[in-house]
Amino acid sequence: MSTHRFRSLGTDPVTGKAVYAVTEAGGFLAALADAHALRAAVSLLAVVGAVLDADRASDAELAAFVRSLYDALAECVAMVAAERE
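Since we're looking at a predicted model, the values are computed, not measured. (Residues numbered from 1 in each chain as written. Predicted model: local features only at pLDDT ≥ 70, side-chain atom pairs only at ≥ 80, totals over all residues. Heavy atoms only, no water.)

Turning our attention to the overall build of the protein chain. Within the protein chain, the regular secondary structure consists of three helices and two strands. In sequence order, the secondary structure elements of the protein chain are arranged as β-β-α-α-α. Relative to the 2.2 N^0.38 estimate, which gives 12 Å for 85 residues, the radius of gyration of the protein chain is 15 Å and therefore markedly larger than a compact globule would have. In terms of overall dimensions, the protein chain has a C-alpha envelope of 45 × 35 × 15 Å along the principal axes. For the protein chain, the computed accessible surface area is about 6,500 Å², with 62% contributed by carbon and sulfur atoms. Looking at the protein chain, you have 7 positive and 11 negative side-chain charges, and the mean spots of the two groups are 4 Å apart. (Helix = DSSP H or I, 4+ residues; strand = E, 2+ residues; numbered from the N terminus. Rg over C-alpha atoms; globule rule 2.2 N^0.38 Å. Areas by Shrake-Rupley, 256 points an atom, 1.4 Å probe, with all protein chains shown as cover. Lys, Arg positive; Asp, Glu negative; His and termini not counted. Charge placed at Lys NZ, Arg CZ, Asp CG, Glu CD.)

Dropping the structure here:
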């Protein structure tokens with residue numbers, strides 16, 4: 001299943017704009033996108049973990065994380081699926 005999609009490579013340090021690329025499995029840009037996705041997921045995991053450990057967040061505050069968690073999980077699952085192909 002080779003679907004082409006835009007993958008985030010991070011932020012351009014000069015312009016501050018988000019950088020995206022259509023990557024090919026096994027390519028250099030795919031490796032950069034994978035590394036960025038993992039860094040983002042690890043950071044998100046740390047933030048959500050700290051919020052949950054504090055045990056003082058409201059349901060609305062916790063709900064604010066749902067989209068980000070979904071996006072990070074979807075990206076990680078796509079990376080694993082691409083490696084299995």
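Alignment of strand S1 (residues 6–11) against strand S2 (residues 18–22), held across five bridges, turns out to be antiparallel. Paired with Thr 11 across the strands is Ala 18, a residue of S2. Linking S1 to S2, which pair antiparallel, is a turn of six residues; within it Gly 16 sits at a positive phi near 80 degrees. (Pairing = 2+ DSSP bridges.)

Another point: the pattern of salt bridges. Evaluation of the coordinates by the stated rule reveals three salt bridges. When the shortest N-O distance is used, the salt bridge between Arg 7 and Glu 75 registers 2.7 Å. Here the residue Arg 7 occupies a position in strand S1, and Glu 75 occupies one in helix H3 (residues 66–84), the gap between them amounting to 68 residues. Grouping residues by exposure puts Arg 7 and Glu 75 together as buried. Put simply, Arg 67 and Asp 71 hold a salt bridge, and the shortest N to O gap is 3.3 Å. Of this pair, Arg 67 and Asp 71 both sit in helix H3, separated by four residues, roughly a single helical turn. Judged by its relative accessible area of 55%, Arg 67 falls in the exposed class. Under the relative-accessibility criterion, Asp 71 is labelled partly exposed at 39%. (Salt bridge = Lys/Arg side-chain N within 4 Å of Asp/Glu carboxyl O. Buried < 20%, exposed > 50% of the residue type's maximum accessible area, 1.4 Å probe, protein only.)

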